[in-house]
Amino acid sequence: MTPLEVVTPTAASGLFGLAWLLIALPLAGALVLLLAGRFADAWGHLLGTLMPIGSFVLGVVLFVDLLGREEGARAVGVPLYRFIETGGWRIDAGLLVDQLSILFVLLITGVGSLIHVYSIGYMAYDPRRRRFFAYLNLFVAAMLILVLADNYLVLFVGWEGVGLASYLLIGFWQHKPTAATAAKKAFVVNRVGDMGMVLAIMLMLATFGSSAFVDVDAGAGEMGGTVATVMGLLLLLGACGKSAQVPLQSWLLDAMEGPTPVSALIHAATMVTAGVYLVVRANAVFTHTEVASTAVVVVGTVTLLFGAWIGCAKDDIKKVLAGSTMSQIGYMLLAAGIGPAGYAFAIFHLLTHGFFKANMFLGAGSVMHAMDDDVEMRRYGALRRALPITFATFGLGYLAIIGFPFLSGYYSKDHIIEAAFEHNVVVGVLAMVGAGVTAFYMTRLMLMTFLGRRRWAEGVHPHEAPAVMTVPLVVLAAASVVGGLVLNNWIEGWLAPAVRAEAHEASLLHFTPVAAVTLLLVAGGVALAWVLFGRRGVPQTAPSTRSPFVLAGRRDLYGDAFNEAVFMRPGQQLVRVLGRADETLVGGGWSATGDVLAGLSQVGRRLQNGFVRSYALTMVAGVGMVAVVLVLGRLA
Amino acid sequence: MEPSYYLVLSAMLFTIGAVGFMVRRNAIVAFMCVELMLNACNLALVTFSHAWGLLDGQVASFFVMVVAAAEVVVGLAIIVSIYRTRRSASVDDANLLKF
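The name an unreviewed UniProt entry gives chain B is NADH-quinone oxidoreductase subunit K, with Desertihabitans brevis as the organism. Under the UniProt heading Subunit (unreviewed entry), the entry covering chain B gives this text: "NDH-1 is composed of 14 different subunits. Subunits NuoA, H, J, K, L, M, N constitute the membrane sector of the complex." Listed under Catalytic activity (unreviewed entry) in UniProt, the entry text for chain B is "a quinone + NADH + 5 H(+)(in) = a quinol + NAD(+) + 4 H(+)(out)".

What follows is the structure, encoded as structure tokens:
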């Protein structure tokens with residue numbers, strides 16, 4: 001295997017010295033909002049919205065600067081300070097602004113800013129709105145640390161930071177027991193993935209003596225195959241936890257308990273894609289291990305079908321979208337697992353998905369806003385007249401995700417399916433089927449929500465949301481439409497140096513047999529959904545069914561049941577046994593010792609009889625004994 | 001001068017004091033027995049001091065006397081106070097401090 005070319009970042013100059021402000025602005029926002037208390041209630045949401053907008057502006061400036069540079073000088077390292085110095089270890093914290101991370105910065109701060117604006121309206125009547133914005137800012141800061149770090153250990157700081165923010169925001173309505181439980185579940189499942197991350201970083205430190213991207217990339221060529229495989233699988237475990245991929249997928253559906261802007265920002269557009277970022281960033285490791293990259297492909301393929309299946313069976317609008325998110329991230333991971341041919345497509349789909357899924361989640365929030373926070377699609381229907389703007393923007397996001405020609409999903413998903421076919425026919429066919437199923441469940445969602453006849457209750461009066469919520473919808477819908485057209489020809493060449501791939505000629509009118517069959521499948525999915533849900537109408541309660549497919553889908557494919565049977569119950573059993581052993585063996589031993597000593601003291605205390613003369617006798621006897629010992633000692 | 005006479009006297013005085021302390025109930029007598037033991041010790045200290053030609057023992061006996069004087073002050077006060085409250089000077093009657 002030819003050694004990989006290692007990209008050495010150029011030194012930061014000019015504006016890049018200020019790159020730390022990208023992170024510092026939202027972090028400062030979070031601190032001010034959390035520390036200022038009720039004093040900040042009146043203006044907290046405005047400050048919280050300004051901070052990511054400031055980061056976005058700085059990100060755009062840096063992006064334009066990078067665009068103006070020649071290809072070799074587009075990775076800029078910004079050393080910050082020495083993070084850890086102990087014994088022989090020296091770990092520096094620094095930022096890496098390159099072609100890959102700047103795209104993430106723009107996505108996070110851009111979509112993040114829109115969602116902040118939207119939240120001003122969505123959370124307007126929540127008494128804890130200031131705290132909500134503080135957590136959102138904290139999330140943005142942590143996510144930026146994650147993507148800007150130049151070192152896996154610093155990346156891990158952001159990795160944990162987004163986990164914390166996600167936990168706080170899922171459980172934001174902590175008075176609801178379901179939300180509190182969902183937050184804990186997300187946290188615990190993420191811990192499993194984080195364990196993989198920690199072990200992978202330890203392995204890097206042990207193998208390369210450093211966890212900096214440059215050192216790992218440089219050393220990757222010399223490490224053994226087994227080490228590379230273990231490292232790759234551990235990184236994949238971390239990615240599975242954060243990105244809700246099988247087998248660590250169970251938390252994402254419950255995470256929908258959080259406020260809808262949170263679902264849009266964290267659980268659709270940005271945080272859950274961190275796993276894809278990790279795999280692409282660690283491409284040097286995955287290049288050297290066939291096993292781990294195959295595992296990535298398998299996980300991606302399984303999850304894309306898994307999520308789509310769940311999406312077909314749910315009646316809760318947010319859970320359908322959550323299943324869809326899992327499925328789309330499965331596509332990204334599949335592309336990332338294919339290797340250099342797929343990295344750019346993974347990031348391409350990640351960006352377009354960020355647009356259209358954030359758009360649809362915010363649209364779902366707008367629908368819930370109109371329907372008194374009801375999420376049950378069977379009680380929607382015919383909302384297109386009541387919510388024209390939401391319908392239009394959601395519809396564009398819908399067309400984008402099913403891959404309607406010339407919209408963003410059409411380009412990004414088609415690339416992945418084609419790359420999958422070149423990689424392996426089975427994977428390609430499964431990815432293609434996934435596209436058809438996507439079309440089916442998204443059409444079902446559209447039909448149940450916006451079309452058909454009205455099924456909502458008498459007292460509900462759906463109304464369009466205020467402008468502060470609809471403007472972000474319109475912007476994101478526009479991005480969903482043009483995202484593919486704008487990025488398609490450009491992104492592969494742009495990312496090529498950062499992910500060490502060769503760029504191909506891309507064309508907007510590129511059309512292959514694979515794309516044709518995919519389109520046919522998509523059309524079939526739409527038609528099937530129309531037959532089942534459009535023409536026939538939708539009953540207000542979920543029809544009872546014996547179909548094992550539907551039952552499995554409604555129960556999240558038994559993910560929770562599996563975890564409970566395999567991990568939770570045996571775990572509880574183990575704890576119970578250990579607890580009893582502790583009580584009887586360890587605790588019993590110590591209590592017995594104590595009891596014996598207490599019994600002896602009961603006897604011993606009788607010596608204290610209160611008669612001075614008997615004490616004197618004891619003393620004299622003692623002195624006598626000492627004297628005898630002394631004398632005997634002298635004689636001996 | 002033969003030190004053994006003094007030492008024998010000292011031992012006899014100490015024994016009388018120790019036995020008296022153990023057998024007599026009257027607090028005043030018990031107290032006098034304690035003094036007797038202390039003075040027996042003093043006698044032994046002075047004897048050894050003289051025999052070795054060193055002053056250490058004599059200095060130590062001064063310390064013993066000071067302690068004995070202080071002890072008398074405190075001890076007699078306690079005895080008088082017990083007698084006033086319990087109408088008895090018997091050491092066996094003052095037996096509340098026990099298991």
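Chemist: I would appreciate a short explanation of the pattern of salt bridges in the present structure.
Modeler: Close approach of charged atoms lets side chains of opposite charge pair. Per the stated rule, a full pass over the model turns up 20 salt bridges over all chains. Residues Arg500 of chain A and Asp217 of chain A are paired through a salt bridge, measuring 2.6 Å at the closest nitrogen-oxygen approach. On the criterion of sequence distance, the pair formed by Arg500 of chain A in the loop between α20 (491-499) and α21 (513-535) and Asp217 of chain A in helix α7 (residues 213-219) is long-range, its members being 283 residues apart. Taking the relative accessible area as the measure of exposure, Arg500 of chain A reaches 18% and is therefore buried. Measuring nitrogen to oxygen at the nearest pair gives 3.1 Å for the salt bridge that ties Arg25 of chain B to Asp92 of chain B. On the criterion of sequence distance, the pair formed by Arg25 of chain B in the loop between α1 (3-23) and α2 (27-52) and Asp92 of chain B in the segment after α3 (56-86) is long-range, its members being 67 residues apart.

Chemist: So what exactly am I meant to see when it comes to the interface of chain B and chain A here?
Modeler: Accessible area lost upon the coming together of the parts is a frequently used measure of interface size. Across the boundary between the two partners, chain B contributes 12 residues, which contact 12 residues of chain A. Summing both partners gives a buried area of about 1100 Å² for chain B against chain A, and 64% of it is carried by carbon and sulfur. There are 1 salt bridge connecting chain B and chain A. Across the salt bridge formed by Arg613 of chain A and Asp92 of chain B, the nearest N and O atoms sit 2.7 Å from each other. Summed over the shared surface of chain B and chain A, the number is 3 residue pairs in polar contact (both at pLDDT 80 or more). Per-class residue counts for the side of chain B that touches chain A are 7 nonpolar, 1 polar and 4 charged.

Chemist: Teacher, can you tell me more about the sheet that holds strand β1 (residues 10-11) of chain A here?
Modeler: Two orientations exist for strands paired in a sheet by backbone hydrogen bonds: parallel and antiparallel. All names here are of chain A. Spatial strand order, β1-β2-β3: 3 strands in an open sheet with mixed pairing. Bordering the open sheet on either side are β1 and β3 (89-97), each of which pairs with just one other strand. Sheet analysis places strand β2 (residues 76-86) next to β3, joined by 9 bridges and oriented antiparallel. By the bridge assignment, Ile84 is partnered in β3 with Ile91.

Chemist: Help me understand the domain arrangement of chain A in this model?
Modeler: When its domains are assigned, chain A resolves into domain 1 (10-554) and domain 2 (564-635). Using C-alpha coordinates to define each centre, domain 1 of chain A is positioned 63 Å away from domain 2 of chain A.

Chemist: For this particular structure, what's the right way to read the packing of aromatic side chains?
Modeler: Geometrically, a pair of aromatic rings is defined through the distance of the ring centres and the angle of the planes. All names here are of chain A. Here the structure, examined in full by the defined rule, presents 18 aromatic pairs over all chains. Considering the side-chain rings of Tyr410 and Tyr411, the 5.1 Å spacing of their centres and the 65° angle between planes classify their relative orientation as edge-to-face. Classification of Tyr410 as buried rests on a relative accessible area of 6%. Ring geometry for Phe562 and Phe567: centres 6.3 Å apart, planes at 80°, overall edge-to-face. Here Phe562 falls in the partly exposed class, since its relative accessible area comes to 49%. Pairwise contacts between aromatic rings join Phe132, Phe133, Tyr135 and Phe172 into one cluster. Residue placement shows Arg191 over the ring face of Phe187; its charged tip is 4.4 Å from the ring centre.

Chemist: Help me understand the side chain of Asn488 of chain A in this model?
Modeler: Along the chain, Asn488 of chain A falls in the loop between α19 (467-487) and α20. A polar contact is formed between the side chain of Asn488 of chain A and the side chain of His415 of chain A, at a distance of 2.7 Å.

What counts and how
- Residues numbered from 1 in each chain as written.
- Chains lettered and ligands numbered in written order.
- Predicted model: local features only at pLDDT ≥ 70, side-chain atom pairs only at ≥ 80, totals over all residues.
- Heavy atoms only, no water.
- UniProt positions renumbered as here; feature names shortened; annotations may be inferred.
- Salt bridge = Lys/Arg side-chain N within 4 Å of Asp/Glu carboxyl O.
- Helix = DSSP H or I, 4+ residues; strand = E, 2+ residues; numbered from the N terminus.
- Buried < 20%, exposed > 50% of the residue type's maximum accessible area, 1.4 Å probe, protein only.
- Contact = heavy atoms within 4.5 Å.
- Buried area = accessible area lost by both parts, 1.4 Å probe.
- Polar contact = N/O pair within 3.5 Å; in protein donor to acceptor, adjacent residues only side chain to side chain.
- Nonpolar A, V, L, I, M, F, W, Y, C, P; charged D, E, K, R; others polar.
- Pairing = 2+ DSSP bridges.
- Domains from an automatic or database assignment.
- Phe/Tyr/Trp six-rings, centres within 6.5 Å; stacked < 30°, edge-to-face > 60°.
- Lys NZ or Arg CZ within 6 Å of the ring centre and 35° of its normal.

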